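# Survey of secondary and tertiary structure
Chain by chain, the residues:
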Amino acid sequence: MSDWNSWLLIIAVVALAVGPVMMFKPSGGQRKLAKLRGIANRAGLRVRLASGNNKALAGTALYAMPWVHKPLRSLQWALVRKDYVHEIHLNDVWSWENSTQVPDAVKALLAEEIPALPVSVMGVSAGAEGLGVNWSERGSEVELQAIMAWLTEMQNKLNDKLAA
């Protein structure tokens, strides 16, 4: 009987020592987020969690590409994907938020290009941080690569439109 008790005591001690250490190990989802954010950071994007000001963007992260073209630094607008269609929205579901005067050329370009974004993108904005998207981060690395390519292409197209 004492051998049995000794084994139970050893198992209990090991469980008490290993259990708390295992709690510090990141989950699969946390490792995926760290990998996606690391890829974005290495590509030059700034990643931060969305602020609590807009409930539609809750649970998203802003992936912002700093401005490459200096004339674009004055742009200040935001679009948020709504879950309902309205005639005043851009492309039926994109609502203008916190925006001053947006040039018609920018509106037209966004109307053309925004459908290329994945449905996991809940917002698009231009401001001091650069051109960014609010992404749910539920997609894959391939989706992140597509978002980064879209941001680069959009900055170049915005510069071309506004320089003309």
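Just above, that's the structure.
Now for a description of the structure that goes with this document. (Residues numbered from 1 in each chain as written. Predicted model: local features only at pLDDT ≥ 70, side-chain atom pairs only at ≥ 80, totals over all residues. Heavy atoms only, no water.)

### Remarks on the overall build of the protein
Secondary structure summary: the protein contains four helices and six strands in total. Each helix and strand of the protein, ordered N terminal to C terminal, gives the series α-α-β-β-β-β-α-β-β-α. A compact globule built from 164 residues would reach a C-alpha radius of gyration of about 15 Å, whereas the protein, at 23 Å, exceeds it by more than 25%. The principal-axis extent of the C-alpha atoms belonging to the protein is close to 90 × 35 × 25 Å. Taking all contacts inside the protein whose residues are at least 6 apart in sequence as the whole, residues at least 24 apart take part in 58%. Taken as a whole, the protein presents about 10100 Å² of accessible surface, with 59% of it coming from carbon and sulfur. Here the protein contributes 17 positively and 14 negatively charged side chains, and the mean placements of these two sets differ by 7 Å. (Helix = DSSP H or I, 4+ residues; strand = E, 2+ residues; numbered from the N terminus. Rg over C-alpha atoms; globule rule 2.2 N^0.38 Å. Contact = heavy atoms within 4.5 Å. Areas by Shrake-Rupley, 256 points an atom, 1.4 Å probe, with all protein chains shown as cover. Lys, Arg positive; Asp, Glu negative; His and termini not counted. Charge placed at Lys NZ, Arg CZ, Asp CG, Glu CD.)

### Regarding the packing of aromatic side chains
Counted according to the given criterion, the structure contains two aromatic pairs. One residue, K107, lies across the ring of W96, its end atom 5.9 Å from the ring centre. (Phe/Tyr/Trp six-rings, centres within 6.5 Å; stacked < 30°, edge-to-face > 60°. Lys NZ or Arg CZ within 6 Å of the ring centre and 35° of its normal.)

### Some points on the pairing of strand β5 (residues 121–127)
Counting buried positions over the seven residues of β5 gives six, a clear majority of the element. Of the strand pairs in this sheet, strand β3 (residues 77–81) and β5 are connected by four bridges, and their pairing is antiparallel. Note on β5: the bridge partner recorded for V80 is G123. Bridge count between β5 and strand β6 (residues 130–135): six bridges; the pairing is antiparallel. When the bridges of β6 are listed, S125 appears paired with G132. Hairpin connection between β5 and β6: a loop of two residues separates the two successive antiparallel strands. (Buried < 20%, exposed > 50% of the residue type's maximum accessible area, 1.4 Å probe, protein only. Pairing = 2+ DSSP bridges.)

### Some points on the packing of helix α2 (residues 28–42) against helix α4 (residues 141–163)
Contact geometry for α2 and α4: axes closest at 10 Å, N-to-C directions at 25°. Judged by the inter-axis angle, α2 sits roughly parallel to α4. Crossing of α2 against α4: the hand is right-handed. Counting all contacts with α2, which are made through K35, L36, I39 and A40, the residues of α4 involved are E141, L144, Q145 and M148. Looking at the contact of α2 with α4, its residues break down into five nonpolar, one polar and two charged. (Axes fitted to C-alpha atoms, helices over the stretch in contact; angles between N-to-C directions. Parallel < 35°, antiparallel > 145°, perpendicular 65-115°, else oblique. Left-handed = near helix turned anticlockwise from the far one by under 90°. Nonpolar A, V, L, I, M, F, W, Y, C, P; charged D, E, K, R; others polar.)

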